[in-house]
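Below are the chains, spelled out letter by letter.
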Amino acid sequence: MTLRRMTLNILFLSLVLTGLSFLDVTNAQANQPVSHKPDTLYNVGCTSKKRPVDFSRLVRKASHRQGVTGRMLATTVYRESGCDPTVTGQDGDAGLGQIVPRVWLKTLIKNGLVRTQGDLYDPWMNLNSTAWILSRIQDRVPSGDMHTVFKRYNGAGKRASKYAREQVVAYHRVWGDM
């Protein structure tokens, strides 16, 4: 076997093995398929030009690690920040998922997701933390109802209910009926 052929075989094998990490997996807690296909472009709903270059890859990685669908995570980020990792909300909400530090920071630090409040502006740390929060909420919601998960992500009350209804509509508008 020539050196060139060996190199091509090694390259092909590495591409195949790398692709295996992007295969569909099943979220056992909610019995919903979790899409991690490499052709899924999670940046379709981003409105900010400040979107991280590797946004889709980070969404796939965070959603896979935390056991939520990439589509649910991406939909949350579209609404919360438009995919701008530098945005700060009126209540101090931080980064892509607009995580409220006064509510979540101590828990995220305790669980090793961030070290400081400034980490919430790091795209990977914020997406991983947002996916972790969604996953914890989803675990507590019977049947993993998307409306209830979105509502609890936003808080409680009428505003949270309105937010959740709009999130479900946005999810279906972007991803279709899933």
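These remarks concern the structure in this document. (Residues numbered from 1 in each chain as written. Predicted model: local features only at pLDDT ≥ 70, side-chain atom pairs only at ≥ 80, totals over all residues. Heavy atoms only, no water.)

## A look at the layout of surface pockets
Roughly 690 Å³ of volume is contained in the largest pocket. Every residue lining the largest pocket is counted, 24 residues in all, and those nearest its centre are Glu80, Asp91, Asp93, Val100 and Asn154. Sorting the residues of the lining of the largest pocket by element identifies α3 (70-81), α4 (101-110), α6 (146-154) and α7 (157-175) as the ones contributing at least two each. When residues of the lining of the largest pocket are assigned to their parent elements, the largest contribution, five residues, is made by α7. (1 Å grid on protein atoms, 1.4 Å probe; cavity = no way out; pocket = protein on both sides within 12 Å on 5 of 7 lines; lining within 4 Å. Points joined across faces, edges and corners; volume = space filled by probe spheres on them. Helix = DSSP H or I, 4+ residues; strand = E, 2+ residues; numbered from the N terminus.)

## Observations regarding the pattern of salt bridges
Per the stated rule, a full pass over the model turns up three salt bridges. Where Asp54 meets Arg57, a salt bridge forms, and the shortest distance between an N and an O atom there is 2.8 Å. Arg57 gets classed as partly exposed once you look at its relative accessible area, which sits at 38%. The residue Lys162 makes a salt bridge to Glu166 at a minimum N-O spacing of 2.9 Å. Pair noted here: Lys162 and Glu166 are both in helix α7, with a separation of four residues, about one helical turn. Lys162 sits in the partly exposed class, given a relative accessible area of 46%. Connected via shared salt-bridge partners are Arg79, Lys162 and Glu166. (Salt bridge = Lys/Arg side-chain N within 4 Å of Asp/Glu carboxyl O. Buried < 20%, exposed > 50% of the residue type's maximum accessible area, 1.4 Å probe, protein only.)

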